[in-house]
Amino acid sequence: MHPTSVPRLEAAPASPAAAVYDLYDAGQLDDARLLRALRAHHARAPGVFFERFAPHVERVLTRILGSDADVPAIVNEAFFRALERIDRLEDADALKRWLTAIAVNVAREHIRSRRRRGWLRFVGADDMPDPPAPNASPETAEAVRRLYAAFDAMPADERIALALRFVDGMELTEVAEACDVSLATIKRTLARSEARFVAISRRDPVLGEWLERGTRWASQ
Amino acid sequence: MGEPMSRIEIEAALTRVGKEAARLQDEELPPRAEPGAGARFEQAWNARRTAPVTPIRRSLPPRAAWGAVALVAAAALVALWARPRPLSFSVRDEAGQVGAWMIVSAESVPLRFSDGSRITLEDDALARVTNVTQNGAEIVVPRGHVRATVVHTPTSQWKVDVGPFVVDVTGTTFATGWDPKEQVFTLDLTEGSVVVTGCSIRPQLVHPGTSVRLRCKQDSVATEPTGQTPILAPSAESEHAEAGPAATETLDAGVPPEPAPSSPRKTPDLAALPDRAVDASVDPTWLQLAARGDNRAAFAAALPQFDAVCDQGSAADVMALADVARFAADSARARKALLAVRTRFAGTSHAKRAAFLLGRLSFDGGAFADAARWFETASSEDPAGPLARESDGRLIEARERGGDHAGARAAAQRYLQRYPSGPHASLAIQVLEH
């Protein structure tokens, strides 16, 4: 009694809808089976997809955007777009990386849209930086806030590359894949963005101090 | 930072500050999705898939004129009767849906709102109503033109997002549009006044009888004089900034910017502005400073106009004012601005956020009972909103710190029921075990 649009899942479920959740809860639904369920438009597969990868996507977006009240909406938008294009994805092993690239693209659009709107998008209460985390020193929190203020002054592609490389800690190849560019291109982008970041930071006493410390740390 | 840094030094420094940023972010980010997040996403996904993209093709069906009059009268009655409820609207004879895209492929299509306001989508427009409140609505128009007749009330709040520009409306008649191909924004104002923002221009108060034509590309704004069209200038900051994207915001060649106002920090008393087509004395300096993260400077610049903004500014402006005061550690003024939002924009999303921020201010000031009341208010006003979980969590803290242990236990129980793996779950468990 399987509808034709629902894949046969190995657990021989009593109901297809329950199957995905049961398998997911048991940690048995691997990415390949999840992708098959998504491509077959299984009714519950989007929820499983979201629960599995939303924390990752939110983390990547937060790395890029910092404290931004729009992050939850952007997470949703990234998943919407992924689901709309899920038929184009063949390799289940690439599911997470593919989704990451989509999320990065949505973040890029958001940055550009926010910039076009100038100050207007910056003045919402939720767009302002939150108070520092409970165990963060004021100095650290201020440096992080200035870091994202510096990012705001950079072209979208450059800030994204910097954030993924140095805040998220991605490898160069991962940054290139997330940004959907070649390794050579991302290296050039990073070189440009690092130089620009330093130029911006030189005018900021707090970031300047952090860079100075990093220099000392590097030379030790 | 006197000597040039090597690439290795730069990357080491970036790695260091980047790691700190990641560490702070990870303290706030949930390790896994909240229970039920998948199901909620499925609902959103299904709504997205089924949201109609309404092709509106032929002309209006023949209707007697008195029928339209009856509709308007009925809408007015409904508005009177159902005042506290959000406005409703119709697209031709069908109930309008918030969030549904409308593509106008022939002739014009009127959206009739229950307060008597009307937004008419012109041929080839792409638009959707993204939010409706009891005081107005927000309409997004990525392409094409609209005509609007907005009924004025003391609390009217309408916003039309036209391409990269925003037209804030309290009550007026105007036509506006955005040509994405040519990147041109147009506005013809017949009655009332509106404020135009976007594309880094100063907030521009536009008066009746005015036609505005603006071009926005690559983060720059240029005016295109057409007859009596006034010139709108970009912000002074964008012209004089030393670096960053603001430095790239230039006027197109041959289009002179309007001279900077002689008293740039004059209180923006909109009612007292001289009767010019466009007045550039509404100074956004503090807003732009805030946008750059320089909150101390923003606060200093905002101080001379603090009360005026609280009394007359838009909800977004007053919220921004509260933020710069908060980050400048002037909690008394931050509180004043937030209370102004609560009073002037009751029921809006801004007012809900203001409740949460008032809670935080009270908490930070040690007024825990007051903080608890605000967090409770924030949660009850927007139980499914983005700040609900945080409000519920902070409510536990506020009650516990304020000595209301029974209240804290009740809040903790409620929190664990709603967010068993939320960031305040461990605190909630501690409170219950204690």
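Residues numbered from 1 in each chain as written. Chains lettered and ligands numbered in written order. Predicted model: local features only at pLDDT ≥ 70, side-chain atom pairs only at ≥ 80, totals over all residues.

Before going further, it helps to examine the overall build of chain B. Along the backbone of chain B there are 14 helices and 15 strands. For chain B, the proportion of its 434 residues judged to be buried stands at 42%. Residue pairs in contact within chain B that sit at least 24 positions apart in sequence constitute 47% of those at least 6 positions apart. (Helix = DSSP H or I, 4+ residues; strand = E, 2+ residues; numbered from the N terminus. Buried ≥ 20, exposed ≤ 12 C-beta atoms within 10 Å, placed from the backbone. Contact = placed C-beta atoms within 7 Å.)

All right, on to helix 11 (residues 368-381) of chain B then. Residues and elements named next belong to chain B. In this model, helix 11 (14 residues) spans 20 Å end to end at C-alpha, consistent with the 20 Å of a helix rising 1.5 Å per residue. Those residues of helix 11 that fall on the buried side of the exposure criterion are A371, A372, W374, F375, E376, T377, A378 and S379. Contacts from the buried residues of helix 11 go to helix 10 (349-364) and helix 12 (388-401). (Expected span 1.5 Å × (residues − 1).)

A few words now on the nonpolar core. Judged by nonpolar contacts, the single largest core of 70 residues is most densely connected at A:V57, A:L61, A:A78, A:A103, A:A107 and A:A150. When residues of this core are assigned to their parent elements, the largest contribution, 11 residues, is made by helix 3 (residues 45-65) of chain A. Once residues lying within four places of it in the same chain are set aside, the contact partners of A:A78 are A:V57, A:I102, A:A103 and A:V106. One finds B:C310, B:F345, B:A355 and B:F356 within the second-largest nonpolar core, a separate group that totals 49 residues. (Core = buried A, V, L, I, M, F, W, Y, C linked by C-beta atoms within 7 Å.)

This next bit is on the packing of helix 12 of chain B against helix 14 (residues 425-433) of chain B. Residue and element names in this part refer to chain B. In contact at an axis separation of 10 Å, helix 12 and helix 14 are set at 35 degrees when each is read in the N-to-C sense. Where helix 12 crosses over helix 14, the two elements pack in a sense that is left-handed. The residues of helix 14 that touch helix 12, namely those facing I396, E397 and E400, are L427, A428 and V431. Tallied by class, residues from the contact of helix 12 with helix 14 come to four nonpolar, no polar and two charged. (Axes fitted to C-alpha atoms, helices over the stretch in contact; angles between N-to-C directions. Left-handed = near helix turned anticlockwise from the far one by under 90°. Nonpolar A, V, L, I, M, F, W, Y, C, P; charged D, E, K, R; others polar.)

Here we come to the confidence of the model for chain B. Residue and element names in this part refer to chain B. The predicted model of chain B has a mean per-residue pLDDT of 71, with 70% of residues at 70 or higher. Ignoring residues within four places in sequence, the model shows residues 53-62, a span with pLDDT below 50, making 19 contacts including any to other chains. Note on residues 218-284: pLDDT under 50 across the span, and 121 contacts to partners over four residues away in sequence or across chains. (pLDDT = per-residue confidence, 0-100.)

Moving on to the environment of A:R159. All names here are of chain A. With respect to the helices and strands, R159 occurs in helix 7 (residues 156-167). Judged by C-beta crowding, with 24 C-beta atoms within 10 Å, R159 ranks as buried. Sequence separation of R159 and T189 is 30 residues, and the distance between their C-alpha atoms is 9.5 Å. Ignoring sequence-local partners within four residues, the contact set of R159 consists of F151 and M154.

Residue and element names in this part refer to chain B. Here strand 6 (residues 118-121) shows one buried face, formed by I119 and L121, and one open face, formed by R118 and T120. The sheet contact formed by strand 5 (residues 109-113) and strand 6 spans four bridges and is antiparallel. Directly across from L111, in strand 6, lies its bridge partner I119. The loop that links strand 5 with its antiparallel partner strand 6 comprises four residues; one of these, G116, has a positive phi angle of about 95 degrees. (Pairing = 2+ DSSP bridges.)

Another aspect to go through is the packing of helix 7 of chain A against helix 1 (residues 7-28) of chain B. In the contact formed by helix 7 of chain A and helix 1 of chain B, the axes pass within 8 Å of each other and the chain directions differ by 80 degrees. Classified by the angle between their axes, helix 7 of chain A and helix 1 of chain B sit roughly perpendicular to one another. Contacts from A:L162, A:F166 and A:V167 in helix 7 of chain A reach B:L14, B:T15, B:G18, B:A21 and B:A22 in helix 1 of chain B. The class makeup of the residues in the contact of helix 7 of chain A with helix 1 of chain B is six nonpolar, two polar and no charged. (Parallel < 35°, antiparallel > 145°, perpendicular 65-115°, else oblique.)

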